[in-house]
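Per-entry structural report
One-letter residues, chain by chain:
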Amino acid sequence: MAAEADPTPGPALVLGGGGALGALQAGLLRALLRTGVRPSMIVGTSAGALNGAFLAFRPDVAGADELVGIWKSLRDRQLFMFNPMRVALQLFTGRLCLGRNDVIRTLVERHTPVDDFGATAIPLYITTTNLTQARKHVLHEGSISRAVLASAAVPGVFCPIEIDGDLHVDGGVVPNLDVETAVELGAREIIAVDLSRCMDGRRPRHLAALLMQTLDVVQRQRVDHEVGALASRARITLVQPSPSEGFGLGDLSSVGRLLAQGEALGDSAVALCIDADGRMKPGVIHDPLHLHEWPAAVQSLP
């Protein structure tokens, strides 16, 4: 089994989903881990589950560098690849999806040293939506690759993944940023990266992007409400990037720019928000860079 979360300092990382925008998240994480931060656990959803699966084995700057390299290798690829004939066949035969998640499947199988939660250096938790039981489901045992595929299985786009007899789809259907699980697991210091605001004002270019963007709109208010409510139980730093230009959710041609923007935001956030003890100040970090501190009434933790 992976080591249990250390109750001493070392923030939990909570990583939200966002398709190809996971590259921006990877760049930000590289800047953060370069300061010497070592996370105590990782809770990931969708693209955040993918990033978390890699970092859980090497939760340091070397691991972050490797993660950035993995994203760079994906230039000129598409997360959503649809063969028109196959799509027509899927619709005609009543299948539950339009395409296959081959890119993510290959990535996880190629870059995780051991396909088992028990082999990670720090605890890893991956959030999915359990369709069979109609609830959020947090995976922490068994196959990492199946958990990541389930957490990234956008409904209607990729087929549900069966785990222990239940069907699982994208964790973003329930909580795209699962801060609640980190708090329930005992985390008292959390850095959460929410990618949903990266899509403000963007026009979806295809069905997959439409479905993903719709999920993010549905989840937006929940994230704001849930994180605000949990701020009295943990020291939470919520990072909500807003890229300077539009990026497609499935288009990996802009990976280089996303990585660079994420790393620049991370460097600036660290410079602005690290306190005298080397910890991130609690509050919400927006881009253009500004820290909105939680109301004094909810900042009960040291």
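Residues numbered from 1 in each chain as written. Predicted model: local features only at pLDDT ≥ 70, side-chain atom pairs only at ≥ 80, totals over all residues. Heavy atoms only, no water.

1. Section: the pattern of salt bridges
Test applied: In what follows, salt bridge is the name for a side-chain nitrogen of Lys or Arg lying within 4 Å of a carboxyl oxygen of Asp or Glu. Here a strand is any run of E in DSSP of at least two residues, a helix any run of H or I of at least four, and the numbering for each starts at the N terminus.
Per the stated rule, a full pass over the model turns up 9 salt bridges. The shortest N-O distance in the salt bridge between Arg-34 and Glu-263 comes to 2.6 Å. Taken together, the positions of Arg-34 in the loop between helix H1 (22–33) and strand S2 (41–45) and Glu-263 in helix H9 (residues 255–273) put the pair 229 residues apart, joining distant regions of the chain. A salt bridge links Arg-34 to Asp-267, with the nearest nitrogen and oxygen atoms 2.8 Å apart. Linking Arg-34 in the loop between H1 and S2 with Asp-267 in helix H9, this pair joins segments that are 233 residues apart in sequence. A cluster of three or more residues bridged by salt bridges with shared partners is formed by Arg-30, Arg-34, Asp-65, Glu-263 and Asp-267.

2. Let's talk about the nonpolar core
In plain terms, the rule: Buried Ala, Val, Leu, Ile, Met, Phe, Trp, Tyr and Cys residues that are joined via side-chain atoms within 4.5 Å together make up what is termed a nonpolar core. Each residue gets one of three labels from its accessible area relative to the maximum for its type: buried under 20%, exposed over 50%, partly exposed in between, using a 1.4 Å probe on protein chains only. The criterion used for residue contact is that any of the two residues' heavy atoms lie within 4.5 Å.
Membership of the largest hydrophobic core comes to 59 residues, with the highest contact counts inside it found for Ile-42, Leu-50, Trp-71, Leu-124 and Val-148. Excluding anything up to four places from it in sequence, Leu-50 contacts Trp-71, Ile-104, Leu-107, Val-108 and Val-148. Judged by nonpolar contacts, the second largest core, of 21 residues, contains Ala-12, Ala-192, Ala-231 and Val-284.

3. Considerations on the pairing of strand S8 (residues 166–169)
Within a regular strand, the side chains alternate between the two sheet faces. This is how it is decided: When DSSP finds two or more bridges between two strands, those strands count as paired.
Pairing of strand S4 (residues 124–130) with S8, which is carried by 2 bridges, proceeds in the antiparallel orientation. What sits directly across from Thr-129, in S8, is Val-169. The pairing of strand S7 (residues 161–163) with S8 spans 3 bridges and is antiparallel. Pairing of Ile-163 across the sheet is with Asp-166, part of S8. Linking S7 to S8, which pair antiparallel, is a turn of 2 residues; within it Asp-164 sits at a positive phi near 50 degrees.

4. What to know about the environment of Cys-273
Along the chain, Cys-273 turns up in helix H9. As a C-alpha pair, Cys-273 and Ile-285 span 12 residues in sequence and 8.6 Å in three-dimensional space.

5. Some thoughts on the pairing of strand S11 (residues 283–286)
As paired strands, strand S10 (residues 235–240) and S11 are joined by 4 bridges and run parallel to one another. The residue of S11 that forms the bridge with Val-239 is Ile-285. Pairing of S11 with strand S12 (residues 290–292), which is carried by 3 bridges, proceeds in the antiparallel orientation. Residue pairing in the sheet places Val-284 in a bridge with His-292 of S12.

6. Looking at unusual backbone geometry
Even without being a glycine, Ser-46 presents a positive backbone phi close to 55 degrees. At Ala-134, a position not held by glycine, the phi torsion is positive, near 55 degrees. Structurally, the position occupied by Ala-134 is in the loop between S4 and strand S5 (135–139).

7. Thoughts on the confidence of the model for the protein chain
Rules: For every residue, the predictor assigns a confidence score, pLDDT, that lies between 0 and 100.
Mean pLDDT for the protein chain: 82, with 76% of residues reaching 70 or above. Across residues 1–8, confidence stays below pLDDT 50; counting only partners more than four residues off in sequence or on other chains, it has 17 contacts.

8. Regarding the packing of H1 against helix H3 (residues 61–72)
Stated formally: Axes here refer to lines fitted to C-alpha atoms; in helices the fit is confined to the stretch in contact. Angles between the N-to-C directions go from 0 to 180 degrees. What sets the label is the angle itself: under 35 degrees gives roughly parallel, over 145 gives roughly antiparallel, 65 to 115 gives roughly perpendicular, and the rest give oblique. The handedness criterion is simple: a crossing whose near helix is rotated anticlockwise from the far helix by less than a right angle is left-handed, and one whose near helix is rotated clockwise is right-handed. Residues are sorted three ways: Asp, Glu, Lys and Arg are charged, Ala, Val, Leu, Ile, Met, Phe, Trp, Tyr, Cys and Pro are nonpolar, and all the rest, Gly among them, are polar.
The contact between H1 and H3 brings their axes to 9 Å, and the two run at 160 degrees. Classified by the angle between their axes, H1 and H3 sit roughly antiparallel to one another. Note on packing geometry: the crossing formed by H1 with H3 is left-handed. Within the contact between the two elements, H1 uses Gly-22, Ala-23, Ala-26, Leu-29, Arg-30 and Leu-33 and H3 uses Val-61, Ala-64, Asp-65, Leu-67, Val-68 and Trp-71. Considering only residue class, the contact of H1 with H3 consists of 9 nonpolar, 1 polar and 2 charged.

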